[in-house]
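Below are the chains, spelled out letter by letter.
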Amino acid sequence: MYRIKSSFKLNNSNIFFLLWTAYTVLYCLFNSSELVYKYTILRRFFNFGQYGISIILILNIIFLNKYNLKSMLKYLIFALLSFLMQLNSTDMSMLILTLFVISAKGIDFKKIIKFDVILKLSMVVIIVGLCLSGFIDNYSAEINGNFKQALGFSHPNTFGALCYIILIEYTIIKLNNMKFIHFVGVGALWYFVLNISGSRTMGYTFALIYILLILYKYFPETFYKLPTKIGFIIVTPLMMVASFFAVKMYDNKISWAIQLDNILTTRLSSALKFLKLYDIKLFGQEIETISTRAANMNHTRTMILDNAYIRGTLMYGLIFMIFLCITYMMLIRYLLKNRKAEYVLFSLYFIFVGIGESYMINIIFNITMLMLIECKFERFSLTDLIKFSKK
């Protein structure tokens, strides 16, 4: 009698990739595509799926991971912060984020992005295929004179976000072996996505990071010099401070802030409305947002908060955002110390995009957060920064 042998082993890595696949499929198909508007019950299925994935992730963390005392304390801090923020919100994204970050312990990040690029590409092909076949609608809108198409996704920016991440992941994976024709090909795809989705914030940020990745390929040592390393390390808190400062200047009717608001398609004025409507709390609160599409369907006004730093502060609390800024500083320091500037540039994409989009604090889009678990929480001061930068 023959026995069927299974190659699947019950370990942390396999469970992580299985659950990452399940959550990505659920998120893309049942939360971010036109299928949700055609079959509204799918949204409920997505919510139930989040609970199931969270439970399995918790079991995976408890039974299939090994910890020393220092690591255990670090993970407990992550979990405690997440729990305190989850008490003030019905949105499970923060809990899911925390559990996936802890579950990523010990898994090589390059292995994750190699898996993720195929997974996300599959989701884009499936959803765009359903749209082109006529099974689901192609939502389109004209916003500030720009015609945008979603190609089966619930919003053009979602289509754009996934495509730009795929292009960055591909570039990082193939960077050492990329030739001129590959760079041109990625550039052509960038131009196509930019014109279809109309996502200017993400599109122009991608162009910047793409150019930096090309420069890194040919001039790597430039990215490990003193001014560059200091700039990389402090950029996250700078973006957070800049966000609040720009909104404050807009509130004071400073001319450059008003012009910046026009460039950012009223993102500063929208953020100001939320800051006047909600107080900043230590552990966050439930805030109400209404997309342009939902507002049109329900004949009400839009309530959009696209700045990730202000949105994160209001939704998840000041402690979370300060913790996130410090952790990203530690992560970038760790990556530079290990000469992985390509991952630093990947992180910078989301750090910069956070000025105009909220995807920075969404684990499906910002997978660089999966590296946060590798941070070394050591004593960190300006003196340490200068000493490290001179190495």
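Described in the following lines is the structure provided in the data block. Bear in mind the structure is a predicted one, so any value in this text is a computation, not a measurement.

Focus: the pattern of salt bridges
Here is step 1 of the chain: For the structure shown, the criterion picks out 5 salt bridges.
Here is step 2 of the chain: With its nearest N and O atoms 3.5 Å apart, the salt bridge here joins Asp251 to Lys276. With a gap of 25 residues between them, Asp251 in helix H10 (residues 226–251) and Lys276 in helix H12 (residues 267–277) connect regions that are remote in the sequence.
Here is step 3 of the chain: The exposure class assigned to Lys276 is exposed, which follows from its relative accessible area of 60%.
Here is step 4 of the chain: Residue Arg267 pairs with Glu357 through a salt bridge whose shortest N-O separation is 2.9 Å. With a gap of 90 residues between them, Arg267 in helix H12 and Glu357 in the loop between helix H16 (341–353) and helix H17 (382–389) connect regions that are remote in the sequence. Across this residue pair, the class does not change: Arg267 and Glu357 are buried.
Here is step 5 of the chain: Through salt bridges with shared partners, a single network forms among Arg267, Asp306 and Glu357.

Regarding H16
Here is step 1 of the chain: Helix length check: H16, at 13 residues, gives a terminal C-alpha distance of 18 Å against a target of 18 Å (1.5 Å per residue), a fit within 8%.
Here is step 2 of the chain: Of all the positions in H16, only Ala341, Glu342, Tyr343, Val344, Leu345, Phe346, Ser347, Leu348, Tyr349, Phe350, Ile351 and Val353 are classed as buried.
Here is step 3 of the chain: Those residues of H16 hidden inside the fold are in contact with helix H6 (109–132), helix H7 (156–174), helix H9 (200–218), H10, helix H14 (308–316) and helix H15 (318–337).

Some points on the packing of H10 against H14
Here is step 1 of the chain: One can describe the packing of H10 onto H14 by two numbers: an axis separation of 9 Å at closest approach and a directional angle of 85°. With respect to H14, the element H10 is oriented roughly perpendicular. Across the interface between the two elements, Thr236, Met239, Met240, Ser243, Phe244 and Val247 from H10 touch Tyr309, Ile310 and Thr313 from H14.

Topic: empty space enclosed by the protein
Here is step 1 of the chain: For the structure on display, the rule yields 1 cavity of 30 Å³ or more.
Here is step 2 of the chain: Taken as a whole, the largest cavity encloses approximately 110 Å³ of empty space.
Here is step 3 of the chain: Forming the walls of the largest cavity are 13 residues, and the residues nearest its centre are Phe78, Leu97, Thr98, Phe320 and Phe323.
Here is step 4 of the chain: Of the residues contributing to the lining of the largest cavity, the split by class is 11 nonpolar, 2 polar and no charged.

Concerning the nonpolar core
Here is step 1 of the chain: Counting 129 residues, the largest nonpolar core has Phe100 and Ile363 as its most contacted members.
Here is step 2 of the chain: In this view, Ile363 contacts Trp20, Tyr23, Ile96, Leu97, Phe100, Val101, Met369 and Leu370; residues no more than four positions away in its chain are not counted.

Structural notes on a nonpolar patch on the surface
Here is step 1 of the chain: A contiguous nonpolar surface patch, about 510 Å² in accessible area, is contributed by Ile55, Ile58, Leu59, Ile62 and Phe63.
Here is step 2 of the chain: Relative to the elements of secondary structure, Leu59 occurs in helix H3 (residues 41–63).
Here is step 3 of the chain: The partly exposed category is assigned to Leu59, whose relative accessible area is 42%.

The rules we used
Residues numbered from 1 in each chain as written. Predicted model: local features only at pLDDT ≥ 70, side-chain atom pairs only at ≥ 80, totals over all residues. Heavy atoms only, no water. Salt bridge = Lys/Arg side-chain N within 4 Å of Asp/Glu carboxyl O. Helix = DSSP H or I, 4+ residues; strand = E, 2+ residues; numbered from the N terminus. Buried < 20%, exposed > 50% of the residue type's maximum accessible area, 1.4 Å probe, protein only. Expected span 1.5 Å × (residues − 1). Contact = heavy atoms within 4.5 Å. Axes fitted to C-alpha atoms, helices over the stretch in contact; angles between N-to-C directions. Parallel < 35°, antiparallel > 145°, perpendicular 65-115°, else oblique. 1 Å grid on protein atoms, 1.4 Å probe; cavity = no way out; pocket = protein on both sides within 12 Å on 5 of 7 lines; lining within 4 Å. Points joined across faces, edges and corners; volume = space filled by probe spheres on them. Nonpolar A, V, L, I, M, F, W, Y, C, P; charged D, E, K, R; others polar. Core = buried A, V, L, I, M, F, W, Y, C linked by side-chain atoms within 4.5 Å. Patch = residues over 30% accessible without salt bridge, like charges linked within 9 Å, V, L, I, M, F, W, Y side chains within 5 Å. Areas by Shrake-Rupley, 256 points an atom, 1.4 Å probe, with all protein chains shown as cover.

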